[in-house]
Amino acid sequence: LASFSLQEVLDAFKLCLSENKEVYLEHYVSGWRGLVKFLNSLGSVFGFISKDAVGKIKILEGYLEGDNSSQYATVQLMVKYELDNQLVDLTKRGNHPESGCRTLLRLHRALRWLELFLERLRVSGQDEKTSVMCADAYDQSLSQHHPWVVRKAAGLAFCVLPGREAFFQVMNVGSAEQVVSVLGEAVPLISEVYQITETLYAEQQLLQLP
Ligand code: 1PW
């Protein structure tokens with residue numbers, strides 16, 4: 001099993017934004033690959049969570065390696081290309097169930113969860129429970145896009161999250177102080193990438209893609 005370091009995720013999200021604040025798909029996907037490593041190192045119960053993310057990462061990797069890869073260099077280009085060429089199911093599922101736009105939207109919603117969770121972790125006290133922080137972050141974000149059965153399964157998975165100290169160790173960046181410091185760098189980066197994508201999707205009315 002590949003080992004994880006939070007630093008790797010941070011580095012990928014650092015590379016995500018171009019000078020004029022476009023989001024490079026390659027680095028976005030590589031940030032997600034790092035997060036999946038992290039989920040897998042938390043134990044097998046997170047398999048069901050990471051499995052869906054892995055599937056979506058694979059779809060996007062397919063576009064990055066495909067014939068039209070230059071159209072997928074950034075999220076902005078991808079959105080324009082897929083919309084201009086009617087490659088997105090806009091109101092109901094149809095011929096394009098795996099469009100880049102709808103696939104990225106799922107990861108984008110999950111990224112908000114991650115942002116909220118990491119921020120909670122960053123400011124948490126020693127005795128706070130990761131399961132509660134994770135569930136709160138989920139309830140405030142991703143859960144509203146999930147059916148009951150997924151919410152239930154996610155809730156069960158959170159219960160077996162390692163405690164704060166063990167969790168910090170899994171992040172593999174050093175002492176608790178170092179974790180907090182890396183989180184202090186990572187959260188604003190993730191937040192900016194999230195906000196730019198959110199604004200773009202809102203402008204194009206893509207936030208409810210089926
Ligand atoms: C401990 C920190 C965790 C942060 C990583 C978050 C990973 C998020 C994956 C949640 C997946 C739950 C199960 C899958 C549900 C899918 O139905 C759903 N996918 C997502 C990513 O929300 C919607 O995708 P779909 O069914 O419309 O293709």
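Predicted model only: the values in this text are computed from it and were never measured. The numbers attached to residues start from 1 for each chain and follow its sequence in the written order. Where totals are concerned, whole chains, interfaces and linings use all residues; where local detail is concerned, this predicted model gives features only for residues with pLDDT of at least 70, and gives and counts side-chain atom pairs only at 80 or more. Processing note: side-chain calculations cover all non-hydrogen atoms of the structure and skip hydrogens and water entirely.

*Asks:* Would you take a moment to explain the packing of helix α5 (residues 100-123) against helix α8 (residues 164-171) for this structure?
*Replies:* Packed helices, taken two at a time, are described by their axes: the angle between them and the distance between them. Between α5 and α8, the shortest axis-to-axis distance is 12 Å and the interhelical angle comes to 115 degrees. Note on packing geometry: the crossing formed by α5 with α8 is left-handed. Residue-level contacts link Phe117, Leu118 and Leu121 of α5 to Arg164, Phe167, Phe168 and Met171 of α8. When residues are sorted by character, Ala, Val, Leu, Ile, Met, Phe, Trp, Tyr, Cys and Pro go into the nonpolar class, Asp, Glu, Lys and Arg into the charged class, and all the rest, Gly among them, into the polar class. Grouping the amino acids of the contact of α5 with α8 by side-chain chemistry returns six nonpolar, no polar and one charged. Structural elements are reduced to axes, namely lines fitted to C-alpha atoms, with helices fitted over the stretch in contact, and the angle between N-to-C directions of any two is expressed from 0 to 180 degrees. Strands here mean DSSP runs of E at least two residues long; helices mean DSSP runs of H or I at least four residues long; both are numbered from the N terminus. By definition, turning the near helix anticlockwise from the far helix through less than a right angle yields a left-handed crossing, and turning it clockwise yields a right-handed one. Any two residues whose heavy atoms approach within 4.5 Å at even a single point are treated as in contact.

*Asks:* Can you help me understand the packing of aromatic side chains in this one?
*Replies:* Aromatic rings in a pair are described by how distant their centres are and how their planes are angled relative to each other. When two rings of Phe, Tyr or Trp (its six-membered ring) have centres within 6.5 Å they constitute a pair, described as stacked for plane angles under 30 degrees, edge-to-face for angles over 60, and tilted for the intermediate range. The full count for this structure, using the stated rule, is eight aromatic pairs. Ring geometry for Tyr72 versus Tyr81: centroids 5.7 Å apart, planes at 75 degrees, classification edge-to-face. Residues Tyr72 and Tyr81 agree in their burial class; the two are buried. What links up through ring pairs into an aromatic cluster is the set Phe38, Phe117 and Phe167. Note on exposure labels: buried denotes an accessible area under 20% of the residue type's maximum, exposed denotes more than 50%, and partly exposed covers the range between, all computed with a 1.4 Å probe on protein chains only.

*Asks:* Sorry, what's going on with the nonpolar core here?
*Replies:* Soluble globular proteins tend to pack their nonpolar side chains together in the buried interior. Only buried Ala, Val, Leu, Ile, Met, Phe, Trp, Tyr and Cys residues count toward a nonpolar core, and they belong to the same one when joined by side-chain atoms within 4.5 Å. Counting 67 residues, the largest nonpolar core has Tyr28, Met171 and Tyr201 as its most contacted members. Apart from the residues within four sequence positions on either side, Tyr201 is in contact with Val75, Met78, Val79, Gly100, Cys101, Leu104, Leu105, Leu206, Leu207 and Leu209.

*Asks:* Please clarify how the site of the ligand should be interpreted in this entry.
*Replies:* Residues are counted as near a molecule or strand when any one of their heavy atoms sits within 4 Å of it. Near the ligand there are 14 residues, and of these Asp52, Lys56, Arg102, Arg106 and His146 occur at the shortest range. Asp52 has a polar side-chain atom sitting 2.7 Å from a nitrogen atom of the ligand. The side chain of Arg106 places a nitrogen or oxygen atom 3.1 Å from an oxygen atom of the ligand. Of the two site types, the cavity is a set of points on a 1 Å grid over the protein atoms alone where a 1.4 Å probe fits but cannot get out, and the pocket is an open set with protein on both sides within 12 Å along at least five of seven lines, each lined by residues with an atom within 4 Å of a point. Whether a molecule sits in a cavity or pocket is decided by its atoms, more than half of which must lie within 2 Å of the grid points. Mapping the ligand onto the cavity grids shows that it belongs to the largest pocket. Counting residues per element, the ones that place at least two in the shell around the ligand are α3 (47-65) and α5. Ranked by residue count, the leading element in the shell around the ligand is α5, at six residues. A breakdown of the residues in the shell around the ligand according to their chemical character gives nine nonpolar, one polar and four charged. We call two N or O atoms a polar contact when they sit within 3.5 Å, provided that within protein one can donate a hydrogen and the other can accept it, with sequence-adjacent residues counted only if both atoms are side-chain atoms.

*Asks:* Looking at this structure, I do not really get the UniProt feature "domain: Glycolipid transfer protein" (unreviewed entry) in the protein. What am I missing?
*Replies:* UniProt positions are given in the numbering used here, feature names are shortened, and annotations may be inferred rather than shown by experiment. The sites that UniProt annotates as "domain: Glycolipid transfer protein" (unreviewed entry) are residues 24-172. Annotated as 67% helix and 0% strand, the span residues 24-172 places its first and last C-alpha atoms 26 Å apart.

*Asks:* I tried to follow α8 on my own but got confused; where do I start?
*Replies:* Owing to its 3.6 residues per turn, the α-helix aligns residues three or four sequence positions apart on the same side. For α8, the full list of buried residues reads Arg164, Phe167, Phe168 and Met171. Angular distribution of buried residues about the axis of α8 spans 100 degrees; they occupy a single face of the element. Of the exposed residues in α8, the ones pointing more than 90 degrees away from its buried face are Glu165 and Gln169. Structurally, α8 contributes buried residues whose contacts are with α1 (6-15), α2 (25-41), α5, α6 (130-139) and α9 (176-203). For this quantity, the arc is that covered by the directions from the helix axis to the C-beta atoms.

*Asks:* Help me understand the layout of surface pockets, please; the structure alone is not making it clear to me.
*Replies:* Grid points are joined across faces, edges and corners, and a volume is the space filled by probe spheres set on the points. Its volume calculated, the largest pocket comes out at about 650 Å³. Lining the largest pocket are 28 residues, and of these Ile49, Ala110, Trp113, Leu142 and His146 lie nearest its centre. Elements with a contribution of two residues or more to the lining of the largest pocket: α2, α3, α5, α6 and α7 (148-159). Grouping the constituent residues of the lining of the largest pocket by class yields 22 nonpolar, two polar and four charged.

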